[in-house]
Amino acid sequence: MSDGEELDVVVVGAGCAGLACAYELASNGLTVAVCERGDVAGAKNLTGGRLYLEPLKDLCGDLLEGAPFERTVVSESIVLTHGDASTSIRLDHGVGEDRPHSVTVLRGKFDQFLADRAGEKEAFVMGEQRVDELIREDGKVAGVMVGGEEVRAKVVVAADGALSFLAVEAGLRKSREPRCFGVGVKELIKLDASVIEERFNVAPGQGAARMYLGDVTDGLPGGGFLYTNRDSISIGVVVQMDELEQRGEEDTFNDLINRFKERPDVAPLIQGYETVEYGAHLIPEGGFDAIPELGIPGLFLVGDAAGLVLNTGNLLRGMDLAMASGVIAARSIIEFREGDPGCPECLQHYKNSLTNSFVIEEMRAHRKAPKILSNERIYKVYPPAVVDMLRSLFEVDEKGEGVPVKRAVKEMRRTVGTWAAMRDIMRILKL
Ligand SMILES: Cc1cc2nc3c(=O)[nH]c(=O)nc-3n(C[C@H](O)[C@H](O)[C@H](O)COP(=O)(O)OP(=O)(O)OC[C@H]3O[C@@H](n4cnc5c(N)ncnc54)[C@H](O)[C@@H]3O)c2cc1C
């Protein structure tokens, strides 16, 4: 490849965006190489772990057949925490395993599966290939430099994740804007499958997802998550990066996740666990208004590199958007295969296709989410107010008196401030 031989496409990054893109390209007979800086696909990737399947049904075709899904999410809860107490809303989907709505995945296994699938279609997926530079020629990108070697291609797909070095080098993004990022820390803890099923009241193959809001983030905008896998649990905390930086305490993250695991409503669920993985990773959470230009001629941005992550508080979606954008980019390149897929028209085709897809439609529909979710009252005021109100309703004092509902609600309204709450509710309804 360094002797001037030109590939159709070089994909940078073997995450779910890059591998879905490579699979689609190679399935259509294009020559594709995927350069991954880690030893193998998935080695450097981290996610909470919940993949929404419905949006990918038409786009991904047979790619996900036989994928190593951990469990189908059938039970989900939003938990509001305050001190040792908590309250939750739970939904049991009642969805059969034949039509899972969402599943949990472990990226090590899942990305390796995607890499194998792309390999079956004759894409070259290569580990330990860190891309250091873009090659530019005649006003467009013409390949990449890997360890001093040229890899020439008609198109480069930047699927290199949240900090996308290629997007920065192409002048499409600044290197680091803390207000556009969340930062997540996650632990993978081992537990027997039967123990998970008993503690979460789910059948084999079925699983639970829990989102935690309140003092799990110690007042920082963000939340905690817990997803069940086959014989492990993914547990972690996500917070806004600029707020974390302002706090400036080095151990904040460790403290948060340790306190989270020690909560009385969490500790019994994970009792007897063994930590097998621990990591932190950035999440582009700037939303629709932080999406950069999606490329320059010969270079397409997909997945996290293009800022395609949606956090609405109850949903955190990046993987389905990453895979969809990878496939949509591939289809534009395929459309122009007979001509020059590095031309500005091909890039425009990708931009239009992505804009007309659920990816950008969803991002646009939730464009106010980052601002709404930076409201600290969501984390500091409402969870304690709701927990305290419920506690007062379920307690009887030494005089034998309980609190009438009217008084409990009045007290909660006083704590949250009626008009401030009204304003917040109106904003949240716009999500
Ligand atoms: C804590 C946490 C929880 C999350 N929870 C969820 C969830 O439950 N559901 C969900 O849908 N999303 C979730 N997300 C978001 C989701 O993980 C990402 O949106 C998704 O992984 C993006 O995929 P990607 O392929 O674009 O990028 P990545 O998966 O980050 O892949 C990028 C790849 O590029 C490689 N790379 C980078 N630079 C180079 C280079 N110079 N040369 C070669 N290779 C390079 C990296 O090693 C990596 O393999 C979560 C994220 C975090 C951090």
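Description of the structure in this document. (Residues numbered from 1 in each chain as written. Predicted model: local features only at pLDDT ≥ 70, side-chain atom pairs only at ≥ 80, totals over all residues. Heavy atoms only, no water.)

Observations regarding the overall build of the protein chain
Counting secondary structure elements, the protein chain contains 16 helices and 19 strands. Its C-alpha radius of gyration of 23 Å places the protein chain within 12% of the 22 Å reference for a compact globule of 431 residues. Across its three principal directions, the C-alpha atoms of the protein chain cover 90 × 45 × 40 Å. For the protein chain, with 431 residues in total, the buried portion stands at 53%. Considering only contacts within the protein chain whose residues lie at least 6 apart along the sequence, 72% involve residues at least 24 apart. (Helix = DSSP H or I, 4+ residues; strand = E, 2+ residues; numbered from the N terminus. Rg over C-alpha atoms; globule rule 2.2 N^0.38 Å. Buried < 20%, exposed > 50% of the residue type's maximum accessible area, 1.4 Å probe, protein only. Contact = heavy atoms within 4.5 Å.)

Observations regarding helix H10 (residues 344-355)
Between its first and last C-alpha, H10 extends 16 Å over twelve residues, near the 16 Å set by a 1.5 Å rise per residue. Where H10 is concerned, the buried positions are Cys 346, Leu 347, Tyr 350, Lys 351 and Leu 354. Taken around the axis of H10, the buried residues stretch over an arc of 145 degrees, which confines them to a single face. Buried-residue contacts for H10 involve strand E16 (295-296), strand E17 (299-301), helix H9 (319-335) and helix H11 (358-365). (Expected span 1.5 Å × (residues − 1). Arc of directions from axis to C-beta.)

Quick look at the pattern of salt bridges
Applying the stated criterion across every chain, the model contains 27 salt bridges. With a shortest N-O distance of 2.8 Å, Arg 107 and Asp 111 are connected by a salt bridge. Of this pair, Arg 107 and Asp 111 both sit in helix H3 (residues 107-120), four residues apart, which is roughly one turn of that helix. For the salt bridge of Arg 152 with Glu 137, the shortest nitrogen-to-oxygen distance reads 2.5 Å. Placement of Arg 152 in strand E10 (residues 149-158) and of Glu 137 in strand E8 (residues 131-137) is noted, with a sequence separation of 15 residues between them. What emerges from the salt-bridge pattern is a single network uniting Glu 137, Glu 150 and Arg 152. (Salt bridge = Lys/Arg side-chain N within 4 Å of Asp/Glu carboxyl O.)

What about the nonpolar core?
Counting 84 residues, the largest nonpolar core has Val 11, Leu 25, Leu 51, Leu 64, Phe 110, Leu 299 and Met 323 as its most contacted members. Sort the elements by how many residues they give to this core and H9 lands first, with eleven residues. Listed in part, the 31 residues of the second largest apolar core include Cys 180, Leu 191, Val 239 and Leu 244. (Core = buried A, V, L, I, M, F, W, Y, C linked by side-chain atoms within 4.5 Å.)

Notes on the packing of H9 against H10
Two quantities define a packed helix pair, namely the angle between the axes and the distance from one axis to the other. Two elements in contact, H9 and H10, have axes whose closest approach is 9 Å; the angle formed by their N-to-C orientations is 140 degrees. Taken as axis vectors, H9 and H10 run oblique relative to one another. For H9 against H10, the interelement crossing comes out right-handed. Across from Ser 325, Ile 328, Ala 329, Ser 332, Ile 333 and Glu 335 in H9, the residues of H10 making contact are Cys 346, His 349, Tyr 350, Ser 353 and Leu 354. (Axes fitted to C-alpha atoms, helices over the stretch in contact; angles between N-to-C directions. Parallel < 35°, antiparallel > 145°, perpendicular 65-115°, else oblique. Left-handed = near helix turned anticlockwise from the far one by under 90°.)

Examining the packing of aromatic side chains
With the rule as written, the count across this model stands at four aromatic pairs. Ring geometry for Phe 69 versus Phe 110: centroids 6.3 Å apart, planes at 35 degrees, classification tilted. Of this pair, Phe 69 sits in the loop between helix H2 (57-60) and strand E4 (72-82) while Phe 110 is found in helix H3, placing the two residues 41 residues apart along the sequence. Among the residues examined, Phe 110 registers a relative accessible area of 0% and is labelled buried. (Phe/Tyr/Trp six-rings, centres within 6.5 Å; stacked < 30°, edge-to-face > 60°.)

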